[in-house]
Amino acid sequence: MKKFLKEPLFHFLLIGTLLFGLFYIINPSEDKEEIVIDEELVNELVAKWGQKRNRQPTLNEIQGLISEYLEQEIFYREALKMNLDHNDEIVKRRLAQKMQFISDELAETLQPTEEMLLSYYENNKENYKKPAIFTLEQLYFSPDTREDATKDAQEVLASNDIPEQADPLSLPRSYQNTSGTKIAIDFGTRFATGIDSLSLNQWHGPILSGLGVHLVKINKKEPSGYYSYNEVKREVGLDYNFEANNKFKTDLLNELLKNYNIVYDLETKELANEK
Amino acid sequence: MVYTKINLKNILFLSTILIFLSCRNSELGQQSSQDKVIDSVYNNVKKNPLKDAFFGETHLHTAYSLDAYLGGTRLMPSDAYRFAKGQEVEVNGKKIIISKPLDFCAVTDHAEYLGEMYANFNSDSKGHNHKKLIELRKLKEYEEREKWFLKEVVSNNRGTIPKHTDFYPGEKDVKNAWQDILKAANDHYNPGTFTTIPAYEWSGAPNGGNLHRNIFFRDINKVPEIVLGYSDINYVEDLWEWLRKLDDNGMKVFAVPHNSNASKGMMFSNKDSKGEPIDLEYATTRKRFEPLIEMMQIKGNSEVHASFWTNDEFADFENANSIQDYSGRIFSKGDFVRDALIKGLTYKENLDMNPYEFGVVGGTDNHNGTPSNLTESNFSIGSHGEADGTVERRRNSEVGGWIKGVDLTPGALTGVWSTRNTREDIWDAMKNKETFATSGTRIKVRFFGGFELEENIDTYESFVTEGYEKGVPMGQYLKHGKGKPIFKFWALKDPDGANLDRIQIIKGWINESGEQKERIYDVAWSDNRLKDSSGKLPAVGNSVNLSKATYTNNIGDAILKGTWKDLDFDSAINAVYYIRVIEIPTPRWTTYDAARAGLPLLENVKSTLQERAWTSPIWYSPNKNN
């Protein structure tokens, strides 16, 4: 914050606000500036990009290059209006960077209120999914030591006489209140998918994992859902700030964009980005 | 000044933002409330007395490392932690997500040029507008950046007495950068779920020989204000002196060297940095501050090399030979970890102090800000920004000044046995050497030794309990006893990966003539194979389909375990033992690249590999222990 107050730009903005207010009253009509995106420019951008890589950019990538160009061009022009009147490549980049740094710093200093965080949490709930919590038991049938581990598992299941241990495994027989994520890490993704919809309190099998064959009994399952706001308050704060930084710059750019008419003079109509 | 027409709206927009600035919360207040949350979570993390294996990254560079920045990396430590936890990030315009989230992660940016990087990022820094940094930000093409790096950085760092660059902005910016790094570590620490470790890299490289060390702190509230790099501390002995001052003052810390393969004879030299023979003081200091070594990473495997270990059928693994084409980094046997482990026994014999009494870890040295991006099938964006960011560059080009693209590996992984996943417990386990390294997959391996252990394995629980109660785990000295020592081991495959081929025990010792000796024993293997008439175990087979880059688990075993008694044990001589677990063959990343791009496999480049794990050693000495 302090660092921004010292910036000459800040002083310009204050003085500017007053001066321009006056200017606006005197000259109310707003003409939009033009930025032209034509074939020549696109070819230039594509050529520079292609030099680093052995192929032509995709449509998406070309659109990205045009966006990048627009961003730099707009920031540069805005900075120009507030400061100097040069058209030097180095100065251009420097001024654009300056605007970018400033927008970064502004974004960094914005601190969200509790309401803003809660609202962010609600809008992004999908990022705060809670896996199912399992209390389960499993028996392991090793394909290394058995002719047919699947058949053996089926026979044990059918016999209704479930032993303490089938084959030795360096993972526990029983898991208490363990997240599905940890189960997936320990047994692999195939097992985690396999136990997802098993009914409770009875042995099921054969369930396959990357390690072999299992019989599984789920004694308790809290279904998957979402962490409550309080459970993930810290993460929400971090995520909010992370996004706010990015969003701020985009917002600023979009605001400034409104002052410009982007004229697309291209054969490939798809490159004209409808934002 | 001329003010042309300008839209009042955007000025007002900016002005309202400025008004918001005054509504800031105190940053300090927020910090301590975060610490309270961390503490309360920490207190609820349960301990597992049998211990779990936690996997993580111990060597990672973000945009705070100048060479990473030059390669196009813009991810900061916070982004690196997000990637580690499983979120998607963008590197040089390409999106990437980790195959499996990590349990812990250390970001280890270079101390060198840390101040310069802070000045580069922050327009309020006095050094921000130094002409060299303006030049740096101006550089667009990769080749330009490489040239700039070689001129401004490399030649400065490899001279006899390195000094700060002329755009060094002063201590304040180094401290600021370090604070940013610590803040990111604090923000992302979630005890019991995800651990961050405050760390950095000291990049000593006299005459281009690699003597880099990563430095790891135990407590985030007990770290120095500033981190010292190669311009501040020119010799590793002085680095240890600085660490001693910190450690003696409650700032617990240790160092981990890496890339001994590229150290030009210096990592395990019998002379210190000033050319004096190693003495008791040196050995004591090194043993205290270097409990671990990073044995494998992107720039090759430093366990052994095929040229020097012709009797080790698995020695030809990620030898990264092209490293020798740069800066005269010719390999020699003494630069490899197995040789150093055995050489260390000579010092134990003569000084009763072994400077090379280290456990092993694996890291990446990834310069994209993407920790542990290890899966061979997920190496599509490479590891060093533009240098290896495309199939074309990986096949035909190099990482400047270091290694050819084809010799890279995605890196290695550290496994830690700990009762729980908290920063203190993970750090303590590393200091105690209860660690193992893998070449990237999630093999879990346990290793115990003792004279009183039973020569059979019943349940896993009894195997572990007995191991701790009657014997010692990896990283420790055998307790003295009668007869021959028994070693017990249990390896579990990566549940989403390939089956296991075999377990080996590698024993090293010094014989009566003072010669270094070693022997490799196959102690457990898959598929009930029978050794041939010469006692050699046949190869496990190969299920890889090269054109599709796939494999099947119809060979190998999911679990390998067993016991082994050292019948050749001699209680009068020093010995070292460690475990190596080998998987069945799987496609190498170069094969995935070729399959996806529809290109032929490269000649003289391996198309498959057998991923593996190595445990920290168990030592024996006739002397009183430690």
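Residues numbered from 1 in each chain as written. Chains lettered and ligands numbered in written order. Predicted model: local features only at pLDDT ≥ 70, side-chain atom pairs only at ≥ 80, totals over all residues. Heavy atoms only, no water.

1. A word on the overall build of chain A
This is how the line gets drawn: The secondary structure listing takes helices from DSSP runs of H or I that are at least 4 residues long and strands from runs of E that are at least 2 residues long, numbered from the N terminus. Burial classification: accessible surface area is computed with a 1.4 Å probe over protein chains only, and a residue below 20% of its type maximum counts as buried, one above 50% as exposed, and the rest as partly exposed. Should any heavy atoms of two residues lie within 4.5 Å, those residues are counted as being in contact. Using the Shrake-Rupley algorithm and a 1.4 Å probe, accessible areas are obtained, with residue cover drawn only from the displayed protein chains.
The number of helices and strands found in chain A is ten helices and eight strands. When each of the 275 residues of chain A is scored for burial, the buried share is 41%. Restricting the contact set of chain A to residue pairs at least 6 apart, pairs at least 24 apart contribute 72%. Taken as a whole, chain A presents about 15300 Å² of accessible surface, with 51% of it coming from carbon and sulfur.

2. Points about the overall build of chain B
Which entries qualify depends on this criterion: Computation of the radius of gyration draws on C-alpha atoms, with the globule rule given as 2.2 Å multiplied by the number of residues to the power 0.38. Counted as positive: Lys and Arg. Counted as negative: Asp and Glu. His and the chain ends are not counted at all. Where a charge lies is defined by one atom per residue type, namely NZ (Lys), CZ (Arg), CG (Asp) and CD (Glu).
Helix and strand content of chain B: 15 helices and 25 strands. In terms of overall dimensions, chain B is globule-like: its C-alpha atoms have a radius of gyration of 25 Å, near the 25 Å expected for 626 residues. For the C-alpha atoms alone, the extent of chain B along its principal axes is close to 95 × 60 × 50 Å. Taken over 626 residues, chain B has a buried fraction of 62%. Put simply, 76% of the contacts in chain B that link residues at least 6 apart link residues at least 24 apart. Summing over all exposed atoms, chain B offers an accessible surface of approximately 23300 Å²; the carbon and sulfur share of this is 49%. The positive charge centre, built from 78 side chains, and the negative charge centre, built from 86, are 2 Å apart in chain B.

3. Brief notes about the packing of aromatic side chains
Residue and element names in this part refer to chain B. Quick note on the threshold: By convention, a stacked pair of Phe, Tyr or Trp rings (six-membered ring in the case of Trp) has centres within 6.5 Å and planes under 30 degrees apart, an edge-to-face pair has planes over 60 apart, and any other such pair is tilted.
This structure, assessed with the given rule, holds 39 aromatic pairs over all chains. Taking the centre distance of 6.2 Å and the plane angle of 75 degrees together, the rings of Tyr81 and Phe194 count as edge-to-face. One end of the pair, Tyr81, is in helix H4 (residues 77-85); the other, Phe194, is in the loop between helix H8 (171-188) and strand S5 (195-202), with 113 residues separating them in the sequence. By relative accessible area, Tyr81 is classed as buried at 2%. Ring geometry for Tyr460 versus Phe463: centroids 6.1 Å apart, planes at 35 degrees, classification tilted. Here the residue Tyr460 and the residue Phe463 both occupy positions in helix H14 (residues 460-470), the gap between them amounting to three residues, near one helical turn.

4. Regarding the pattern of salt bridges
Quick reminder of the rule: Salt bridges, as used here, are contacts in which a Lys or Arg side-chain nitrogen is within 4 Å of a carboxyl oxygen on Asp or Glu.
In total, this model carries 48 salt bridges over all chains according to the counting rule given. In this structure, Asp152(A) engages Arg146(A) in a salt bridge whose closest nitrogen and oxygen atoms are separated by 2.9 Å. Since its relative accessible area comes to 23%, Arg146(A) is described here as partly exposed. The shortest N-O distance in the salt bridge between Arg502(B) and Glu313(B) comes to 3.6 Å. Here Arg502(B) is found in strand S18 (residues 500-510), whereas its partner Glu313(B) is found in the loop between strand S9 (300-301) and helix H11 (337-351), with 189 residues between them in sequence.

5. A look at the environment of Tyr326(B)
All names here are of chain B. Position of Tyr326 relative to the elements: it lies in the loop between S9 and H11. Between the alpha carbons of Tyr326 and Asn210 there is a distance of 12 Å; along the sequence they are 116 residues apart. Aside from chain neighbours lying at most four places away, what touches Tyr326 is Glu398, Gly401, Trp402, Ile403 and Lys404.

6. Considerations on the sheet that holds strand S20 (residues 559-565) of chain B
All names here are of chain B. Going by this rule: Here, strands pair whenever DSSP counts at least two bridges between them. Each axis is a line fitted through C-alpha atoms, taken for helices only over the stretch in contact, and angles between the N-to-C directions span 0 to 180 degrees.
Taken in spatial order, the four strands make up an open sheet running S16-S15-S17-S20, and their pairing is antiparallel. If you trace the sheet from one side to the other, it starts and ends with strand S16 (472-473) and S20, each paired once. Against the sheet, H14 engages strand S15 (444-450), S16 and strand S17 (486-492), with an angle of about 45 degrees to S15.

7. Comments concerning unusual backbone geometry
The step from Gly205(A) to Pro206(A) runs through a cis peptide bond, and the omega angle for that step is -5 degrees. Along the chain, the position of Pro206(A) falls in strand S5 (residues 203-208). In this structure, Asn177(A) is a non-glycine residue whose phi angle is positive, near 40 degrees. Note that Asn177(A) resides in strand S4 (residues 174-179). One non-glycine residue, Asn604(B), adopts positive backbone phi at about 60 degrees. When you line up the elements, Asn604(B) lands in the loop between helix H15 (589-597) and strand S23 (608-609).

8. Focus on the nonpolar core
As a reminder, the rule being used: To define a nonpolar core, start from buried Ala, Val, Leu, Ile, Met, Phe, Trp, Tyr and Cys residues and group those joined through side-chain atoms within 4.5 Å.
In this structure, Ile195(A), Tyr200(B), Leu239(B), Leu243(B), Ile503(B), Ile505(B) and Val581(B) are the most contacted members of the largest nonpolar core, which totals 148 residues. The element contributing the most residues to this core is H8(B), with seven residues. With sequence-adjacent residues up to four places away left out, Leu243(B) is seen in contact with Ile215(B), Val253(B), Ala255(B) and Phe289(B). Judged by nonpolar contacts, the second largest core, of 16 residues, contains Phe336(B), Ala387(B), Trp402(B) and Trp589(B).

9. Describing the sheet that holds S9(B)
The pairing of strands in a sheet comes from backbone hydrogen bonds and takes either a parallel or an antiparallel form. All names here are of chain B. Pairing within the open sheet is mixed, and its three strands lie in the order S9-S8-S10. Looking along the sheet, the strands with just one partner apiece sit at the ends: S9 and strand S10 (359-362). Bridge count between strand S8 (residues 292-297) and S10: four bridges; the pairing is parallel. Of the residues in S10, the one forming a bridge with Ile293 is Val360.

10. Considering the environment of Glu455(B)
Residues and elements named next belong to chain B. Where we set the bar: Whenever two N or O atoms come within 3.5 Å, that pair is a polar contact, provided that in protein one can donate a hydrogen and the other can accept it, and provided that, for residues adjacent in sequence, both atoms are side-chain atoms.
Its location among the elements puts Glu455 in the loop between S15 and H14. Note: C-alpha distance between Glu455 and Glu143 (312 residues apart in sequence) is 61 Å. When near neighbours in sequence (up to four residues on either side) are disregarded, Glu455 contacts Ile486, Thr563 and Lys565. Within the local environment of Glu455, its side chain forms a polar contact with the side chain of Lys565, the two groups lying 3.4 Å apart.

11. Concerning the pairing of strand S14 (residues 435-438) of chain B
Residue and element names in this part refer to chain B. Residues Thr435 and Ala437 point to one face of S14 and Phe436 and Thr438 to the other, with burial holding for every one of them. Two strands pair when backbone bridges link them, and strand S13 (residues 413-418) and S14 are joined in this way by four bridges, in the antiparallel orientation. Residue pairing for S14: Leu413 is matched across the bridge by Thr438. Relative to strand S24 (residues 612-615), S14 runs antiparallel, the two sharing three bridges. Pairing of Phe436 across the sheet is with Thr615, part of S24.

12. Concerning the pairing of strand S1 (residues 52-57) of chain B
All names here are of chain B. Among the six residues that make up S1, five are buried, leaving the element largely enclosed by the rest of the structure. Relative to S13, S1 runs antiparallel, the two being bridged by five bridges. The residue of S13 that forms the bridge with Phe55 is Gly415. Sheet analysis places S1 next to strand S4 (residues 104-107), joined by two bridges and oriented parallel. Residue pairing in the sheet places Glu57 in a bridge with Cys105 of S4.

13. With respect to the side chain of Asp494(B)
Residue and element names in this part refer to chain B. Relative to the elements of secondary structure, Asp494 occurs in the loop between S17 and S18. Judged by relative accessible area, which is 9%, Asp494 ranks as buried. A distance of 3.0 Å separates a polar atom in the side chain of Asp494 from the backbone nitrogen of Arg442. Engagement of the side chain of Asp494 in a polar contact is seen with the backbone nitrogen of Asp496, the distance being 2.9 Å. Sequence-distant contacts of Asp494, defined by excluding residues within four places in its chain, comprise Lys100, Thr441, Arg442 and Ile443.

On their own, these measurements won't tell you what the molecule is for.
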